[in-house]
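One-letter residues, chain by chain:
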Amino acid sequence: MAGSVWIICETQGESLAPLALELAAAARRIGGPVVAVGCGGAFSRAAAELGAHGVATLVEVGGCEGHLQGGLIAAAVVEAISQLGTPVAILAGQTYTGRDALAHLSVLLSAPVLGSAVNVSVDGDTVVAENVIFGGERVVSSAVEAGKVALIGVRAKSFSPDPVAEPISPAVVTVTASPDAPAYRSRVVSSRSEEHAGPKLDEAAVVVAGGRGLGAQENYAAVEELSGLLGGAPGASRAIVDAGWVPYAYQVGQTGKTVKPDVYIAIGISGATQHMVGMKGSKAIIAINKDPEAPIFRIADLGVVGDAQKILPRLIEAIKRRR
Amino acid sequence: MKIVALVKQIPDQAAPQALDPDSLRLVRAGKMIIDDSDSYGVEASLQVAEKLAAEVSVVSMAPNQETAGVRTALAMGAASAIVVSDDQLAGADALLTARVLAAAVVRTGAELVVAATESTDGYTGTVPAQVAALLGWPALTFAKEMQVDGGTVRIKRQTEDGFEEVEAELPAVVSVTAGSVVPRYPSFKGIMGAKNKPVELLTLGDLGIAAEVGERVTGVRDAEARAAGEVFEDDGSAEERIVAFLEGIKVL
Ligand SMILES: Cc1cc2nc3c(=O)[nH]c(=O)nc-3n(C[C@H](O)[C@H](O)[C@H](O)COP(=O)(O)OP(=O)(O)OC[C@H]3O[C@@H](n4cnc5c(N)ncnc54)[C@H](O)[C@@H]3O)c2cc1C
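Note that this is a predicted model, so its numbers are computed, not measured.

Asks: Tell me about the sheet that holds strand β1 (residues 2-6) of chain B, and please be specific about residues and values.
Replies: Taken in spatial order, the 10 strands make up an open sheet running β12(A)-β9(B)-β8(B)-β7(B)-β10(B)-β6(B)-β1(B)-β4(B)-β5(B)-β11(B), and their pairing is mixed. In this open sheet, the two strands that pair with only one neighbour each are β12 (187-193) of chain A together with β11 (199-202) of chain B. The sheet shows a mean angle of 25 degrees between the axes of neighbouring strands, direction not considered. Judged from the three bridges that link them, strand β7 (residues 139-149) of chain B and strand β10 (residues 172-176) of chain B form a sheet pairing that is parallel. Bridge assignment links leucine 140 of chain B to a residue of β10 of chain B, and that residue is valine 174 of chain B. In this fold helix α1 (residues 36-52) of chain B packs onto β1, β4 (55-61), β6 (112-116), β7 and β10 of chain B, with an angle of close to 170 degrees to the strand it touches most, β1 of chain B. Most of the contacts of helix α3 (residues 94-108) of chain B go to β4 of chain B, to which it runs at about 150 degrees, and overall it touches β1, β4, β5 (80-84), β6 and β11 of chain B.

Asks: Let's hear about a nonpolar patch on the surface: which residues, and what values?
Replies: On the surface, a cluster of nonpolar side chains totalling about 320 Å² of accessible area is made up of Phe188, Ile191 and Met192 of chain B. With respect to the helices, strands and loops of the structure, methionine 192 of chain B is situated in helix α5 (residues 188-194).

Asks: A description of the pattern of salt bridges should follow, citing residues and the corresponding values.
Replies: Inspection of the entire model under this criterion finds 29 salt bridges over all chains. With a closest N to O distance of 3.1 Å, arginine 221 of chain B and glutamate 130 of chain A form a salt bridge. In this pair, arginine 221 of chain B sits in strand β12 (residues 215-222) while glutamate 130 of chain A sits in strand β8 (residues 126-133), so the two residues belong to two different chains. A salt bridge links lysine 310 of chain A to aspartate 307 of chain A; the shortest N-O distance between them is 3.9 Å. One salt-bridge network, held together by shared partners, links Arg187 of chain A together with Asp149, Arg154, Glu167 and Glu169 of chain B.

Asks: Please provide a residue-by-residue account of the site of the ligand, values included.
Replies: Within the structure, the ligand sits among 27 residues, and Ser237, Val252, Thr255, Ser270 and Asn289 of chain A are positioned closest to it. Chain contributions to the surroundings of the ligand come from chains A and B. Residue aspartate 307 of chain A places a side-chain N or O atom 2.9 Å away from a nitrogen atom belonging to the ligand. The protein chains hide 82% of the 980 Å² of surface that the ligand would expose on its own. Looking at the shell around the ligand, the elements that each hand over two or more residues are α7 (238-242), α8 (273-276) and α9 (308-321) of chain A. Split into classes, the residues belonging to the shell around the ligand amount to five nonpolar, 17 polar and five charged.

Asks: Would you mind going over the domain arrangement of chain A in detail, with residue names and values included?
Replies: Residue and element names in this part refer to chain A. One can read the domain layout of chain A as domain 1 (5-185) and domain 2 (206-321). Spacing between the C-alpha centres of domain 1 and domain 2 amounts to 32 Å. At the junction of the two partners, domain 1 supplies eight residues and domain 2 supplies 12 residues. When the two sides are added together, the surface that domain 1 and domain 2 hide from each other amounts to roughly 800 Å², 43% of it contributed by carbon and sulfur. Put simply, domain 1 and domain 2 have zero salt bridges between them. The interface formed by domain 1 and domain 2 contains four residue pairs in polar contact (both at pLDDT 80 or more). Considering only residue class, the side of domain 1 that touches domain 2 consists of four nonpolar, two polar and two charged.

Asks: With reference to specific residues and values, describe the state of the cysteines.
Replies: Residue and element names in this part refer to chain A. Under the defined criterion, the tally for this structure stands at one disulfide over all chains. Sulfur-sulfur distance for the disulfide between cysteine 39 and cysteine 64 comes to 1.9 Å. On the S-S bond that ties cysteine 39 to cysteine 64, the torsion sits near -65 degrees, and the link is left-handed. Here cysteine 39 is found in strand β4 (residues 32-39), whereas its partner cysteine 64 is found in the loop between β5 (55-62) and α4 (69-84), with 25 residues between them in sequence. For cysteine 39, a relative accessible area of 5% translates into the label buried. On the basis of relative accessible area, cysteine 64 is assigned to the buried category, the value being 6%. Here cysteine 9 is not cross-linked by a disulfide; its sulfur's nearest cysteine counterpart is in cysteine 39, at 11 Å. Overall, the relative accessible area of 3% leaves cysteine 9 in the buried class.

So, how was this worked out
Sequence order as written defines the numbering, with residues in each chain counted from 1. To label them, take the chains in the order written and letter them from A, then take the ligands in the order written and number them from 1. In keeping with the model being predicted, local features are shown solely for residues with a pLDDT of at least 70 and side-chain atom pairs are shown and tallied solely at 80 or more, while totals for entire chains, interfaces and linings include all residues. Hydrogens and water molecules were not included; the side-chain quantities draw on all heavy atoms of the structure. DSSP calls a pair of strands paired once it identifies at least 2 bridges connecting them. Helix numbering and strand numbering both begin at the N terminus, where a helix is a DSSP run of H or I of at least 4 residues and a strand a DSSP run of E of at least 2. In this analysis an axis means a line fitted to C-alpha atoms, helices contributing only their contacting stretch, and an angle means the value between N-to-C directions, from 0 to 180 degrees. Between two residues, a contact is recorded if the distance between any of their heavy atoms is within 4.5 Å. What makes a patch is a set of residues exposed beyond 30% relative accessible area and free of salt bridges, joined within 9 Å when like-charged and within 5 Å when nonpolar (Val, Leu, Ile, Met, Phe, Trp, Tyr). All accessible areas in this document rest on Shrake-Rupley with a 1.4 Å probe, and a residue is counted as covered only by the protein chains that are shown. What makes a salt bridge here is a side-chain nitrogen of Lys or Arg within 4 Å of a carboxyl oxygen of Asp or Glu, nothing more. Residue proximity to a molecule or strand is established when one non-hydrogen atom of the residue lies within 4 Å of it. N or O atoms within 3.5 Å of each other form a polar contact, as long as, within protein, one can give a hydrogen and the other can take it, and as long as residues adjacent in sequence are counted only when both atoms are side-chain atoms. Three classes are used, and their members are as follows: Ala, Val, Leu, Ile, Met, Phe, Trp, Tyr, Cys and Pro are nonpolar, Asp, Glu, Lys and Arg are charged, and the others, Gly among them, are polar. Each domain's extent was defined by an automatic or database domain assignment. Two parts placed together each lose some accessible area under a 1.4 Å probe, and adding up what both lose gives the buried area. Put simply, a disulfide is two cysteine sulfurs that come within 2.5 Å. Residue exposure (1.4 Å probe, protein chains only): buried if accessible area is under 20% of the type maximum, exposed if over 50%, otherwise partly exposed.

Shown next, in the form of structure tokens:
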């Protein structure tokens, strides 16, 4: 499709969030050239990496520091459009900042948001996005009316990073949001990481996740021990995040992380549709649940009907014995 | 001060969900209830209102002048409600929904709008920030804690790896996550009182909004199913099977 495709890139500490390169791959399915928009030094320093994934232009947003980025990026995109022209699509991650940015853009550009996309394509002169509903059982395609910018929220791990044969040395444009952007009135006072030491939940090869079936907060220690033994990351269902047993950063699912490890071990998790969308792409799934009718067994490669509190200690011992 | 809690009324999620084969929209028939996610927004609003001697109004867009879910919010303690219903709103997308809600908020004169982060049945997750952008107010999204004092709202906002503390002067829009507060159960007195609380019914015409929708569903198909594997009962040696499985896929 003729016309530029823009991607909104987030950073994690000193590096680009992995989703940025996935967005670059998705953007090239729609058209090009690809324009990347982002805040801060870590974004600017990723120019070569983005160029290697087909990004032709970097739009650096000035003055993000200390404010919520989503609204500011959106306002800056409007400024950048007046310099670079209107794109056919703008992609962001289905993340907190990504959703904020798309929501603001939707109002500023009077265009709809197609959220939770797992695939994008072009049909004639419209952009089509696919998202999954009912816990991944059905795939819905939605199109944007012609003449509107397609604003698409892309779920993590829906696309693989796809370096280009001939890396580009991107042009760099700096823009600043209009001074009356409401996002300037938000102040980020502090930020804190609650991630587990060890591999990141959404990058680990093994994820051991616990749910309400663990019975009590103190039993989560066994989930952490098992994930540690397997060199993995511990995860959780929303039920135990809401209960305050573990921080939100551990949550897997529709409103948490999307994970695709080599093996996902679900312990005392029923398999609600909102949980399954976040983990059903795992290569292998093991489930331990005392209810033989638990929905999680419908997607598990190995399902154990039994009491997690009895099986977990034995499993931990068995793995330790192998060493 | 006035606080608006945005409330979506949805079919009981315990009932199985389906798509209408013609319109490819979610079938929204049967008994409607307050979206569970929104009960957190209502509770969070009431807690702020109680501290500041403020008043909570509920704003809802709903088919067929539905008020059952709104009455739950009134029974919890909200003082009044606006329900916007219009046949032209069938199939409204998130942006049109936000336009309707923002216009209704303006009528209330509220300085703080509290919403859930996303609805249980649609989960676009953009409406609160769209409402904020339409009002020209800062959007403090994904709050797991909210406090208001001296005209400043402070939240703990979820981030991909933890949380951040964010603040803004009112007016502002805040979206709260489930688990941010414990929603109260309506008391018997509350339920009886809710019957007499004012509920204003409005149409699109009353708000001066045209029903423009920028997206359409073009198809639905079954996802590739993931086949179930082997399920067995633990006989006291399940760990051996699990270890063998992990060895088989070279994790051990
Ligand atoms: C808008 C929205 C978004 C959501 N997003 C998410 C999300 O991102 N992630 C998510 O996980 N959820 C999400 N949910 C919540 C989801 O619907 C479920 O409520 C949640 O996943 C249930 O968590 P659970 O499986 O731990 O608890 P439950 O559903 O209560 O299941 C507990 C399971 O443990 C089993 N069990 C009990 N005792 C034992 C024992 N001794 N040994 C073994 N098994 C036992 C039971 O048989 C049961 O299957 C969302 C919901 C909504 C409405």
